[in-house]
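Chains, contacts and geometry: an overview
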Amino acid sequence: MAKGKRKVPDINSSSTADIAFLLLIFFLITTSMDTDRGLARLLPPPPEDEKNENTDKIKERNILQVYLNKDDALMCGNDYIGVDQLRQKAKEFIANVANAENMPEKTQKNVEFFGTCMVNDKHVISLQNDRGSSYQAYISVQNELVAAYNELRDELAKEKFGVTYSELNDLQQKAVREIYPQRISEAEPKKYGEKKR
């Protein structure tokens, strides 16, 4: 061997790739990835024919307008309210227990387990926020609206079946959802103002 020259050991590149692959597999197996996060919303179906005008317009009494402005102030109907009051307002609107004229109209429907009953399936909660409103306030409003539906469904499930909504079987849950269908419509955010920084 010549003086000053060393032999460099060969690195087995396939064993390095094997180790990297094993580490990747280990990471994928041991890491939990939550895929069911986010807001559960159903998008409306695409219009079948743009020329066909929708003649089934929603009556004003069937819509609860909820607006969150740039300062995170919440307006429900024509009143400014706190987020903590939204759940109760939404429950009153959705249930319309007294079948009031200024609240959503009810239709008669045959629902499994409940028989023929009056159902509030025409109501819509229309949520709109300003582009300047905070994400936290927006999520709080969303949570309160969903909680209103959850509470109504729980109350009905306890009254009829003696257990909470989550403890019902699929058919029972479907029947409860027919009586209290979740109908939240989100309008595109408006830009009325900017928050001062």
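Given the structure is predicted, the values throughout are model-derived calculations rather than measurements. (Residues numbered from 1 in each chain as written. Predicted model: local features only at pLDDT ≥ 70, side-chain atom pairs only at ≥ 80, totals over all residues. Heavy atoms only, no water.)

Focus on the overall build of the chain
- Looking only at helices and strands, one finds four helices and seven strands in the chain.
- The order of helices and strands in the chain, counted from the N terminus, is α-β-β-β-α-β-β-β-α-α-β.
- For the chain, the residues scored as buried account for 30% of the 197 residues in total.
- For the chain, the proportion of contacts with a sequence separation of at least 24, taken over those separated by at least 6, is 66%.
- Of the roughly 14600 Å² of accessible surface on the chain, 51% is carried by carbon and sulfur atoms. (Helix = DSSP H or I, 4+ residues; strand = E, 2+ residues; numbered from the N terminus. Buried < 20%, exposed > 50% of the residue type's maximum accessible area, 1.4 Å probe, protein only. Contact = heavy atoms within 4.5 Å. Areas by Shrake-Rupley, 256 points an atom, 1.4 Å probe, with all protein chains shown as cover.)

Quick notes on the packing of helix α2 (residues 83-95) against helix α3 (residues 135-161)
- The interhelical angle for the contact between α2 and α3, taken along N-to-C directions, is 45°, at an axis separation of 8 Å. With respect to α3, the element α2 is oriented oblique. Here the hand of the crossing between α2 and α3 comes out right-handed. Across the interface between the two elements, V83, L86, R87, A90, K91, I94 and A95 from α2 touch S140, V141, E144, L145, A147, A148, Y149, E151, L152 and E155 from α3. (Axes fitted to C-alpha atoms, helices over the stretch in contact; angles between N-to-C directions. Parallel < 35°, antiparallel > 145°, perpendicular 65-115°, else oblique. Left-handed = near helix turned anticlockwise from the far one by under 90°.)

Topic: the packing of aromatic side chains
- In total, this model carries two aromatic pairs according to the counting rule given.
- A centroid spacing of 6.0 Å and a plane angle of 85° characterise the contact between F114 and F161, whose relative ring orientation is edge-to-face. Of this pair, F114 sits in the loop between β4 (107-111) and β5 (115-119) while F161 is found in helix α3, placing the two residues 47 residues apart along the sequence.
- Among the aromatic residues, those joined into a cluster by ring pairs are F113, F114 and F161. (Phe/Tyr/Trp six-rings, centres within 6.5 Å; stacked < 30°, edge-to-face > 60°.)

Quick notes on the side chain of K91
- Along the chain, the position of K91 falls in helix α2.
- For K91, the contacting residues outside a window of four places in its chain are A148, E151, L152 and E155.

As for the sheet that holds strand β1 (residues 63-68)
- Pairing is mixed across the open sheet formed by five strands, whose spatial order is β3-β2-β1-β6-β7. If you trace the sheet from one side to the other, it starts and ends with β3 (79-81) and β7 (184-186), each paired once. Between one strand axis and the next, the sheet turns through 25° on average, direction left out of account.
- Sheet topology places strand β6 (residues 124-129) next to β7; three bridges connect them, and they run parallel. Counterpart to L127 in the pairing with β7 is E186.
- This element, α2, spans β1, β2 (74-76), β3 and β6 of the sheet and lies at about 125° to β3.
- The sheet contacts of α3 involve β1, β2, β6 and β7, and relative to β6 the element is tilted by about 170°. (Pairing = 2+ DSSP bridges.)

Let's talk about unusual backbone geometry
- Phi is positive for D72, close to 65°, though the residue is something other than glycine.
- Mapped onto the fold, D72 is located in the loop between β1 and β2.

Some thoughts on the pairing of β1
- Sheet topology note: the β1/β6 ladder contains six bridges and is parallel. For Y67, the partnering residue across the bridge sits in β6 and is Q128.
- Once β1 ends, the chain turns through five residues before running back antiparallel as β2, passing D72 with a positive phi of about 65°.

Quick look at a nonpolar patch on the surface
- Taken together, the side chains of F21, L22, L24, I25, F27, L28 and I29 make up a nonpolar region of the molecular surface, amounting to roughly 710 Å² of accessible area.
- Residue position: L22 is located in helix α1 (residues 13-30).
- You can call L22 exposed: its relative accessible area is 56%. (Patch = residues over 30% accessible without salt bridge, like charges linked within 9 Å, V, L, I, M, F, W, Y side chains within 5 Å. Salt bridge = Lys/Arg side-chain N within 4 Å of Asp/Glu carboxyl O.)

Thoughts on the packing of α3 against helix α4 (residues 170-179)
- Two elements in contact, α3 and α4, have axes separated by 10 Å at closest approach and are oriented at 125°. The orientation of α3 relative to α4 falls into the category oblique. Between α3 and α4 lies a crossing of right-handed hand. Judged by residue contacts, R153, L156 and F161 of α3 engage Q172, V176, R177 and I179 from α4.
- Among the residues making up the contact of α3 with α4, the classes are represented as four nonpolar, one polar and two charged. (Nonpolar A, V, L, I, M, F, W, Y, C, P; charged D, E, K, R; others polar.)

Geometry only, nothing functional implied.
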